[in-house]
Amino acid sequence: MGVMQILYFGFLATIFVAIGLSLWKGGDPERAGAGVLLVMFMMTWFEGALIRTVGLSEETIRTIAVAEDLVGLAGFGLITTRARRMWPIVCTAMELLSVLTHLVHYLGMVNRPIVVVFMSQTPTFTATVSLIVGTIIHIRRSQRFGPERDWQDFRNLPSG
């Protein structure tokens, strides 16, 4: 088994741990984050299935990869605006890095495929680990202090 395969399986294991732990023990923001990761994973799986069955052009594969990262950026960005947590900020920033990597690649500033893969997947991996850490912090805080508010309520802010 090659290094790339080991890294790929480690990445998959991290995604499954993040989704499972967040759905099982997380609060609403963690579950929403798991949903974002699940949608991104399903898009990747669907892309792989299309590659194996009908074959896709390199341009189509890149377009799907950009769409995956845009979904992650939008999903984590929405969670960031309302959640009373810090981990969504990290996830949003990491997905922004992934999207910017695609832009740099399209502009021709980076042309080595392995560099593009590393630059776009490392932030997604970091976002996944951030969700795991955020869920563990939520679990520990809830055990220590009891239930906490998951979402920011903007209705009671002073006006003017």
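Keep in mind it's a predicted model, so treat the numbers as computed, not measured.

With respect to the pattern of salt bridges
- Across all of its chains, the model carries six salt bridges by this definition.
- A cluster of three or more residues bridged by salt bridges with shared partners is formed by Glu30, Arg85, Arg141, Glu148 and Asp150.

Things to note about the packing of aromatic side chains
- Considering all chains together, one arrives at four aromatic pairs under this definition.
- Centroid distance Phe11 to Phe125: 5.9 Å. Interplanar angle 45°. Geometry classified as tilted. Of this pair, Phe11 sits in helix H1 (residues 3-25) while Phe125 sits in helix H5 (residues 113-145), and the two are 114 residues apart along the sequence.
- A relative accessible area of 16% means that Phe11 is categorised as buried.
- Look at Phe125 and you get partly exposed, because its relative accessible area is 34%.
- Plain terms: the ring middles of Phe16 and Phe41 are 5.3 Å apart, the flat faces sit at 70° to each other, and that makes the pair edge-to-face.

Structural notes on a nonpolar patch on the surface
- A contiguous nonpolar patch, built from Leu96, Leu97, Leu100, Leu103, Leu107 and Met109 and spanning about 590 Å² of accessible area, is present on the exposed surface.
- As for its position among the elements, Leu97 is in helix H4 (residues 87-106).

Thoughts on the layout of surface pockets
- For the largest pocket, the calculated volume is near 1,300 Å³.
- Tyr8, Phe11, Val117, Ser120 and Gln121 are the residues nearest the centre of the largest pocket, which is lined by 36 residues in total.
- Where the lining of the largest pocket is concerned, the elements lending two or more residues are H1, helix H2 (28-53), helix H3 (58-82), H4 and H5.

Describing the nonpolar core
- By size, the foremost hydrophobic cluster in this structure holds 19 residues, and its most contacted members are Leu37, Phe76, Ile79 and Trp87.
- Of all elements in the fold, only H1, H2, H3, H4 and H5 reach the threshold of two or more residues within this core.
- Sort the elements by how many residues they give to this core and H1 lands first, with five residues.

Focus: the packing of H3 against H4
- In the contact formed by H3 and H4, the axes pass within 8 Å of each other and the chain directions differ by 155°. Classified by the angle their axes make, H3 and H4 are roughly antiparallel. In the packing of H3 onto H4, the handedness of the crossing is left-handed.
- Here the residues of the contact of H3 with H4 sort into 13 nonpolar, eight polar and four charged.

Criteria and cut-off values
Residues numbered from 1 in each chain as written. Predicted model: local features only at pLDDT ≥ 70, side-chain atom pairs only at ≥ 80, totals over all residues. Heavy atoms only, no water. Salt bridge = Lys/Arg side-chain N within 4 Å of Asp/Glu carboxyl O. Phe/Tyr/Trp six-rings, centres within 6.5 Å; stacked < 30°, edge-to-face > 60°. Helix = DSSP H or I, 4+ residues; strand = E, 2+ residues; numbered from the N terminus. Buried < 20%, exposed > 50% of the residue type's maximum accessible area, 1.4 Å probe, protein only. Patch = residues over 30% accessible without salt bridge, like charges linked within 9 Å, V, L, I, M, F, W, Y side chains within 5 Å. Areas by Shrake-Rupley, 256 points an atom, 1.4 Å probe, with all protein chains shown as cover. 1 Å grid on protein atoms, 1.4 Å probe; cavity = no way out; pocket = protein on both sides within 12 Å on 5 of 7 lines; lining within 4 Å. Points joined across faces, edges and corners; volume = space filled by probe spheres on them. Core = buried A, V, L, I, M, F, W, Y, C linked by side-chain atoms within 4.5 Å. Axes fitted to C-alpha atoms, helices over the stretch in contact; angles between N-to-C directions. Parallel < 35°, antiparallel > 145°, perpendicular 65-115°, else oblique. Left-handed = near helix turned anticlockwise from the far one by under 90°. Nonpolar A, V, L, I, M, F, W, Y, C, P; charged D, E, K, R; others polar.

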